Amino acid sequence: DAGVIQSPRHEVTEMGQEVTLRCKPISGHDYLFWYRQTMMRGLELLIYFNNNVPIDDSGMPEDRFSAKMPNASFSTLKIQPSEPRDSAVYFCASTYLGYYNEQFFGPGTRLTVL
Amino acid sequence: SQKIEQNSEALNIQEGKTATLTCNYTNYSPAYLQWYRQDPGRGPVFLLLIRENEKEKRKERLKVTFDTTLKQSLFHITASQPADSATYLCAAYHGSSNTGKLIFGQGTTLQVKP
């Protein structure tokens with residue numbers, strides 16, 4: 001298995017632009033998580049899905065962030081409009097059997113908003 | 001609010017010694033704790049999971065303990081090697097019986113010197 005796939009790996013954009021991050025979970029996994037990692041705040045959960053349905057989005061910073069999972073093999077995290085404080089590494093992770101099970105992380109997308 | 005605390009200072013040890021990393025949690029009692037390893041520029045990789053009714057868990061050179069009285073988990077690497085150098089993240093499960101999420105500590109960086 002290729003593991004969790006994320007694209008792009010690096011994104012540099014200007015403030016105010018729309019940013020879309022993409023994730024393909026491991027086949028057969030029914031939970032998908034979006035995290036954000038910064039030096040100041042560490043690794044924070046933004047939102048997670050179970051069977052393509054959003055379960056907990058309490059970590060989404062504000063209305064500028066939105067996430068979708070149209071099918072079991074694809075999810076997007078969108079930031080519109082982007083701001084410099086959104087600069088971070090965004091990770092997607094997936095798991096199966098339960099939200100408490102070991103999570104498999106993707107390589108991350110490093111986002112820089114100028 | 002729920003908090004996971006790990007030593008922010010890097011841990012430097014000599015090859016062959018045992019490394020011990022600490023994870024303390026406050027304001028709640030997690031049912032599960034997980035430990036992950038993260039290398040620079042990569043996503044976290046799952047190492048071990050321990051449940052609240054388990055005092056200790058082992059996997060090869062790794063050992064994790066869970067002390068619900070002290071609200072603490074210890075992570076040990078015996079016979080440490082330079083290849084063990086990385087950041088180690090503690091994560092505690094938080095939630096109800098039907099939904100939940102992992103709350104991550106900031107991580108402790110381990111440097112093993114030859």
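Throughout, residues of each chain are indexed from 1 in the direction in which the sequence is written. Starting at A for chains and at 1 for ligands, labels are handed out in the order in which the entities are written. Per-residue local features are limited, in this predicted model, to residues with pLDDT of at least 70; the limit for side-chain atom pairs, both in listing and counting, is 80 or more; totals at the level of whole chains, interfaces and linings are taken over all residues. By convention in this description, side-chain values take in all heavy atoms of the structure and omit both hydrogens and water.

> So what exactly am I meant to see when it comes to the overall build of chain B here?
Secondary structure elements follow DSSP: runs of H or I no shorter than four residues count as helices, runs of E no shorter than two count as strands, and numbering proceeds from the N terminus. When you go through chain B residue by residue, the secondary structure sums to 0 helices and 11 strands. In sequence order, the secondary structure elements of chain B are arranged as β-β-β-β-β-β-β-β-β-β-β. Relative to a compact globule of 114 residues, whose C-alpha radius of gyration would be 13 Å, chain B shows 14 Å and is just as compact. With the principal axes as the frame, chain B shows a C-alpha extent of 45 × 30 × 20 Å. When burial is assessed residue by residue, chain B has 46% of its 114 residues classed as buried. About 5,900 Å² of surface is accessible on chain B, with carbon and sulfur atoms providing 45% of the total. We count Lys and Arg on the positive side and Asp and Glu on the negative side, and we leave His and both chain ends out. Lys charges are placed at NZ, Arg charges at CZ, Asp charges at CG and Glu charges at CD. Each charge class in chain B was averaged separately, 14 positive and 10 negative side chains, and the resulting centres sit 2 Å apart. Note on method: radius of gyration uses C-alpha positions; expected globular size equals 2.2 Å times residues raised to 0.38. The cut-offs for exposure are 20% and 50% of the maximum accessible area for each residue type, with area from a 1.4 Å probe on protein chains only; residues under the lower value are buried, those over the upper are exposed, and the others partly exposed. For the area figures, the Shrake-Rupley method with a 1.4 Å probe applies, and any residue is considered shielded solely by the protein chains shown.

> In this structure, what is going on with the packing of aromatic side chains? I would like to understand it.
The way to describe two aromatic rings as a pair is by their centre distance and the angle between their planes. Here is the rule: rings of Phe, Tyr and Trp (six-membered ring for Trp) pair when centre to centre is within 6.5 Å. Planes less than 30 degrees apart are stacked, more than 60 are edge-to-face, and the remainder are tilted. Under the defined criterion, the tally for this structure stands at 15 aromatic pairs over all chains. On the numbers, 5.4 Å between centres and 35° between planes, the contact of B:Phe75 with B:Tyr88 is tilted. Taken together, the residues B:Phe75 in strand 8 (residues 72-77) and B:Tyr88 in strand 9 (residues 86-95) connect sequence positions 13 residues apart. Residue classification places B:Tyr88 among the buried positions, given a relative accessible area of 2%. An aromatic cluster is built from A:Tyr31, A:Phe33, A:Tyr35, A:Tyr48, A:Phe91, A:Phe105, B:Tyr36, B:Phe46 and B:Phe104, whose rings are joined through pairwise contacts.

> Would you mind going over the state of the cysteines with me for this structure?
As used in these notes, a disulfide is a covalent bond between sulfur atoms, one from each of two cysteines. Whenever a pair of cysteine sulfur atoms sits within 2.5 Å, that pair is classed as a disulfide. In the structure shown here, the tally under the stated rule is 2 disulfides over all chains. Note that A:Cys23 is cross-linked by a disulfide to A:Cys92, the S-S spacing being 1.8 Å. On the sign convention where negative means left-handed, the S-S torsion of about -65° between A:Cys23 and A:Cys92 marks this disulfide as left-handed. Here A:Cys23 is found in strand 3 (residues 19-24), whereas its partner A:Cys92 is found in strand 9 (residues 88-95), with 69 residues between them in sequence. Since its relative accessible area comes to 1%, A:Cys23 is described here as buried. On the basis of relative accessibility, which here comes to 0%, the residue A:Cys92 falls in the buried class. Through a disulfide, B:Cys23 is tied to B:Cys90; the S-S separation comes to 2.0 Å. Judged by the sign of its S-S torsion, about -65°, the cystine formed by B:Cys23 and B:Cys90 is left-handed. Of this pair, B:Cys23 sits in strand 3 (residues 19-26) while B:Cys90 sits in strand 9, placing them 67 residues apart in sequence. B:Cys23 sits in the buried class, given a relative accessible area of 0%.

> Sorry if this is basic, but what is going on with the sheet that holds strand 8 of chain B here?
Sheet strands pair via backbone hydrogen bonds, and the direction of the pair is either parallel or antiparallel. All names here are of chain B. Here a strand pair is declared whenever DSSP counts at least two bridges between the two strands. The strand order across the open sheet formed by 5 strands is 1-3-8-7-6, and the pairing between neighbours is antiparallel. Either end of the sheet is taken by a strand with one partner, and the two such strands are strand 1 (3-6) and strand 6 (56-59). The sheet shows a mean angle of 15° between the axes of neighbouring strands, taken without regard to direction. As judged from the 6 bridges shared by strand 3 and strand 8, these two strands associate in the antiparallel manner. Along strand 8, the bridge assignment pairs Asn24 with Gln72. Here, axes are lines fitted to C-alpha atoms. For helices the fit covers the stretch in contact, and angles between N-to-C directions go from 0 to 180 degrees.

> Would you explain the pairing of strand 4 (residues 31-38) of chain A in this entry?
For a regular strand, side chains alternate in direction, first toward one face of the sheet and then toward the other. Residue and element names in this part refer to chain A. Of all 8 residues that make up strand 4, 7 are buried, and the element is covered over most of its length. Alignment of strand 4 against strand 5 (residues 42-50), held across 8 bridges, turns out to be antiparallel. Pairing of Arg36 across the sheet is with Glu44, part of strand 5. Where strand 4 folds back on strand 5, the antiparallel hairpin that results is connected by 3 residues. Relative to strand 9, strand 4 runs antiparallel, the two being bridged by 7 bridges. Residue pairing for strand 9: Gln37 is matched across the bridge by Val89.

> Would you explain the pairing of strand 9 of chain B in this entry?
All names here are of chain B. Buried residues dominate strand 9, accounting for 8 of its 10 residues. Where strand 4 (residues 32-38) lies against strand 9, 6 bridges are found, and the strand directions are antiparallel. Its bridge partner being in strand 9, Gln38 is matched across the sheet by Thr87. Relative to strand 11 (residues 108-113), strand 9 is paired through 3 bridges, and the arrangement is antiparallel. When the sheet's bridge partners are listed, Ala86 is paired in strand 11 with Leu110. As paired elements, strand 9 and strand 10 (residues 100-104) share 5 bridges and run antiparallel to each other. Looking at strand 10, one finds that Gly95 is bridged to Gly100.

So yeah, pure geometry; function would need other evidence.
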